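Chain by chain, the residues:
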Amino acid sequence: MGAHSTYSPKTGIGRWVDARMPLPRLVHDSFVSFPVPRNLNYAYTFGGILALMLGAQILTGVVLAMHYAADTRFAFQSVEKVMRDVNSGWLLRYLHANGASMFFIAVYLHIARGLYYGSYKQPRELLWILGCIIYLLMMATGFMGYVLPWGQMSFWGATVITGFFTAIPLVGEWVQQLLLGGFAVDNPTLNRFFALHYLLPFMIAGVVVLHIWALHVVGQTNPTGIEVKSKTDTVAFTPYATVKDALGMIVFLILFSYFVFYLPNYLGHPDNYTIANPLKTPAHIVPEWYYLPFYAILRAITFNIGPIDSKLGGVLAMFGAIAVLFFVPWLDTSRVRSAAYRPWYKLFFWLFAINAIFLGWLGSRPAEGAYVIMSQLSTLYYFAFFLVIMPLLGLFETPRKLPGSITEAVLAKHGGHGAALPQGAAAAPEHKG
Ligand code: HEM
């Protein structure tokens, strides 16, 4: 903003507002004239998709809340009433429940993009950390939302997860009782989970504002990992990035709609269509799919580590698996940012991605026999990737030769012709060599 602003209000009212509170100028400078690297690919559309999904979740959630009863006697029936009696209630609920899954698909792809292109590296450490905070808030929100329909998985999932906290020495039981509002999952638990499930998305929205603010200070990375050096390296956000983001969103919404209209219960658990019964434990208690890798890590620690018993060890490993993300900017010691120029990192990254999916599958299996051993090996690789491979690779890997600039990389890819083209022109296909 400020000195670099190209905004000039065209109407009298526009000038009047601009002199008093230049919000339209802020929007224009951030989402219209804002320069973005000209070589962004579709992996860079997930941030926008996430913003869209956050908005959709808040909208459907607020309307659902108008029909929901946060009372253990009525919660299950109130959700069934939404499904059967409320106009388009089934659509609202399926949008919200599947929207949560889609939100997590998008966030995992967004994080993977960050890991692949080294988005977290200096000067974007704070941007990354804000992202990690958003992710933690998303996990808490999703967990509490799943308890609200008061089905069997709601109840038993909440019982198991809040039980983890008792593993913390000294304060564990106190923390658990604070979460539950008593000694077991019951009406006070449902009430506070509903209050927090309503509150947290707005906190997420607040952190997203900081996230995007930080992004606009340092600018976006790009697939080469080279910083913007001249005007020819960038194009204006609108129309170039807006149109690309819009296409990404449309494709994503088609996938979302497919789940909502054809497989609305595929990602849920059938036991949650049975009302919560504290006297009947389900055969397998499984969390939602997006927590499964961490659930596998939790259950992989079946042994005591010195004074730490296996239960505390599992809880520490599970929280450690998320905590380690916060330190990624300092664990990666490479001078080169993008995996496109790091042959070994690229290999280990894809192994990491496959391993994370495998951990998710293991989390859905019973914790017995070969599954336990596989979970232990997968957990080992998960931590080794961050704590051993990332720091060491930076010291030993020989990166490929980097292009001189973003423009040079783009022109080389498209036939290597011509001098740098004016801002905004070079990305058009007719300029291909
Ligand atoms: C509600 C969740 C989130 C929203 C709405 C959001 C939004 C955005 C947007 C709009 C961008 C710019 C476009 C793009 O690069 O895709 C972005 C970039 C970025 N986000 Fe997020 N984000 C979210 C969660 C996260 C999480 C969980 C992380 C990491 C743990 C993260 C890390 C980053 C980083 C490092 C960048 C810079 C990318 C680059 O320039 O290379 N974000 N985010």
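This is a predicted model, so every value here is computed, not measured. One numbering rule holds for all chains: residues counted from 1, following each sequence as written. With pLDDT at 70 or above as the cut-off, local features in this predicted model cover only qualifying residues; side-chain atom pairs require 80 or more to be listed or tallied, and sums for whole chains, interfaces and linings still use all residues. Side-chain measures were taken over the full set of non-hydrogen atoms in the model, leaving aside hydrogen atoms and water.

A few words on the overall build of the chain. Strands are runs of DSSP state E lasting at least two residues, helices are runs of H or I lasting at least four, and both sets are numbered from the N terminus onward. A tally of helices and strands in the chain yields 16 helices and two strands. The quantity called the radius of gyration is restricted to C-alpha atoms. Its globule counterpart is 2.2 Å times the number of residues to the power 0.38. Taking 22 Å as the expected radius of gyration for a compact globule of 433 residues, we find that the chain reaches 24 Å, a close match to that expectation. Its C-alpha atoms give the chain principal-axis dimensions of about 75 × 60 × 40 Å. Each residue gets one of three labels from its accessible area relative to the maximum for its type: buried under 20%, exposed over 50%, partly exposed in between, using a 1.4 Å probe on protein chains only. Each of the 433 residues in the chain was classed as buried or not, and the buried ones make up 48%. In the chain, the proportion of contacts linking residues at least 24 apart, taken out of those at least 6 apart, comes to 79%. Residue exposure ignores everything except the shown protein chains as possible cover, and the areas themselves are Shrake-Rupley values with a 1.4 Å probe. For the chain, the accessible surface area stands at approximately 22100 Å², while carbon and sulfur atoms represent 71% of it. For the chain, the centre of its 28 positive side-chain charges and the centre of its 19 negative side-chain charges are spaced 8 Å apart. Two residues qualify as a contact provided that any one of their heavy atoms is within 4.5 Å of a heavy atom in the partner residue. In summary, the charge assignment counts Lys and Arg as positive and Asp and Glu as negative, without counting His or the chain termini. Where a charge lies is defined by one atom per residue type: Lys uses NZ, Arg uses CZ, Asp uses CG and Glu uses CD.

Cis geometry marks the peptide bond from Gln 122 to Pro 123; its omega dihedral reads 5°. By the secondary structure assignment, Pro 123 is in the loop between helix H5 (89–117) and helix H6 (125–147). Of note, the bond from Thr 238 into Pro 239 is cis; its omega dihedral lies within 30 degrees of zero at 15°. A positive phi angle is found at Ser 88, which is not glycine, with a value near 55°. Looking at the secondary structure, you find Ser 88 in the loop between helix H4 (75–84) and H5. For Ser 88, a relative accessible area of 45% gives the class partly exposed.

Time to look at the UniProt feature "domain: Cytochrome b/b6 N-terminal region profile" (unreviewed entry) in the chain. UniProt positions are given in the numbering used here, feature names are shortened, and annotations may be inferred rather than shown by experiment. In the numbering used here, UniProt assigns the feature "domain: Cytochrome b/b6 N-terminal region profile" (unreviewed entry) to residues 13–224. In residues 13–224, helix accounts for 72% and strand for 1%; the two terminal C-alpha atoms are 43 Å from one another.

Attention shifts here to the coordination of the iron atom of the ligand. Donor atoms are limited to N, O and S found within 2.8 Å of the metal ion, a distance that becomes 3.2 Å for Na, K and Ca. With water left out, some sites might look partial. The protein atoms donating to the iron atom of the ligand are His 110 (NE2) and His 211 (NE2), with metal-donor distances spanning 2.0 to 2.1 Å. One can describe the donor arrangement at the iron atom of the ligand as octahedral, given that its six donor atoms subtend angles of 83 to 179° at the metal. Here His 110, found in helix H5, pairs with His 211, found in helix H9 (residues 187–218); they are 101 residues apart in sequence, far enough to count as distant. You'll find His 110 and His 211 in the same group, each marked buried. All geometry calls rest on donor angles, where a four-donor set with angles between 85 and 135 degrees is tetrahedral, four- and six-donor sets with opposite donors more than 155 degrees apart and all others between 65 and 115 are square planar and octahedral, and all else is irregular.

Whether a residue is near a molecule or strand depends on its heavy atoms: it is near if one of them lies within 4 Å of it. Around the ligand, a shell composed of 22 residues is seen, among which His 110, Arg 113, Ser 119, His 211 and Thr 221 lie nearest. Within 3.5 Å is the distance limit for a polar contact, defined as a pair of N or O atoms, with the added protein rule that one can donate a hydrogen and the other accept it, and that residues adjacent in sequence qualify only through two side-chain atoms. Here Gly 47 contributes a backbone N or O atom positioned 3.0 Å from an oxygen atom of the ligand. Measuring from an oxygen atom of the ligand, one finds a side-chain N or O atom of Arg 113 at 2.9 Å. Tallying contributions element by element places H6 first for the shell around the ligand, with six residues. Considered class by class, the residues forming the shell around the ligand number 13 nonpolar, eight polar and one charged. All amino acids are sorted into three groups, where Ala, Val, Leu, Ile, Met, Phe, Trp, Tyr, Cys and Pro are nonpolar, Asp, Glu, Lys and Arg are charged, and the leftover types, Gly among them, are polar.

What follows covers the packing of aromatic side chains. The criterion for an aromatic pair is that two Phe, Tyr or Trp rings (for Trp, the six-membered ring) have centres within 6.5 Å, with stacked assigned to planes under 30 degrees apart, edge-to-face to planes over 60 apart and tilted to the rest. For the structure on display, the rule yields 35 aromatic pairs. Through successive ring pairs, a cluster of aromatic residues spans Tyr 345, Phe 352, Tyr 381, Tyr 382, Phe 383, Phe 385 and Phe 386. The ring of Tyr 44 carries the charged tip of Arg 113 above its face, separated from the ring centre by 4.6 Å. In this scheme, Lys NZ or Arg CZ marks a charge over a ring once it lies within 6 Å of the ring centre and within 35 degrees of the ring normal.

Attention shifts here to the side chain of Gln 176. Along the chain, Gln 176 turns up in helix H8 (residues 172–180). Take Gln 176: its relative accessible area is 15%, and that puts it in the buried class. Setting aside chain neighbours within four positions, we find Gln 176 in contact with Thr 162, Gly 163, Phe 165 and Thr 166.

Another point: the domain arrangement of the chain. How big an interface is tends to be stated in terms of accessible area lost as the parts join. The domains assigned to the chain are domain 1 (30–270) and domain 2 (292–402). Its C-alpha centre places domain 1 at a distance of 23 Å from the equivalent point of domain 2. Between domain 1 and domain 2, the contact holds 31 residues from the first and 30 residues from the second. Summed over both partners, the accessible area (1.4 Å probe) lost when two parts come together is defined as the buried area. Both faces combined, the contact of domain 1 with domain 2 buries some 2600 Å², and carbon together with sulfur accounts for 72% of it. The salt bridge definition used is simple: a Lys or Arg side-chain nitrogen within 4 Å of an Asp or Glu carboxyl oxygen. Inspection of the domain 1/domain 2 interface yields two salt bridges. Put simply, Glu 227 and Arg 337 hold a salt bridge, and the shortest N to O gap is 3.0 Å. Where domain 1 packs against domain 2, one counts eleven residue pairs in polar contact (both at pLDDT 80 or more). Taken together, the elements giving at least two residues each to the side of domain 1 that touches domain 2 come down to H5, H6 and helix H7 (152–164). The element best represented in the side of domain 1 that touches domain 2 is H6, accounting for eight residues. Here the residues of the side of domain 1 that touches domain 2 sort into 20 nonpolar, seven polar and four charged. An automatic or database domain assignment provides the domain bounds reported here.

A few words now on a nonpolar patch on the surface. Here, patches come from residues exposed beyond 30% relative accessible area and free of salt bridges, joined within 9 Å for like charges and within 5 Å for nonpolar side chains (Val, Leu, Ile, Met, Phe, Trp, Tyr). Together, Met 21, Leu 23, Leu 26, Val 27, Phe 31 and Val 32 make up an exposed nonpolar region whose accessible area comes to about 500 Å². A residue is classified by how much of its surface remains accessible, and Val 27, at 41% relative accessible area, is partly exposed.

Where H6 contacts helix H12 (residues 310–326), the axes come no closer than 8 Å and their chain directions differ by 155°. Taken together, H6 and H12 sit at an angle that is classed as roughly antiparallel. Facing Trp 128, Ile 129, Cys 132, Ile 133, Tyr 135, Leu 136 and Met 139 of H6, the residues of H12 in contact are Ile 322, Leu 325 and Phe 326. Here the contact of H6 with H12 is built from residues that sort into ten nonpolar, no polar and no charged. Axis definition: a line fitted to C-alpha atoms, limited for helices to the stretch in contact. Angles are taken between N-to-C directions and run from 0 to 180 degrees. Throughout, the term roughly parallel applies to angles under 35 degrees, roughly antiparallel to angles over 145, roughly perpendicular to angles from 65 to 115, and oblique to all others.

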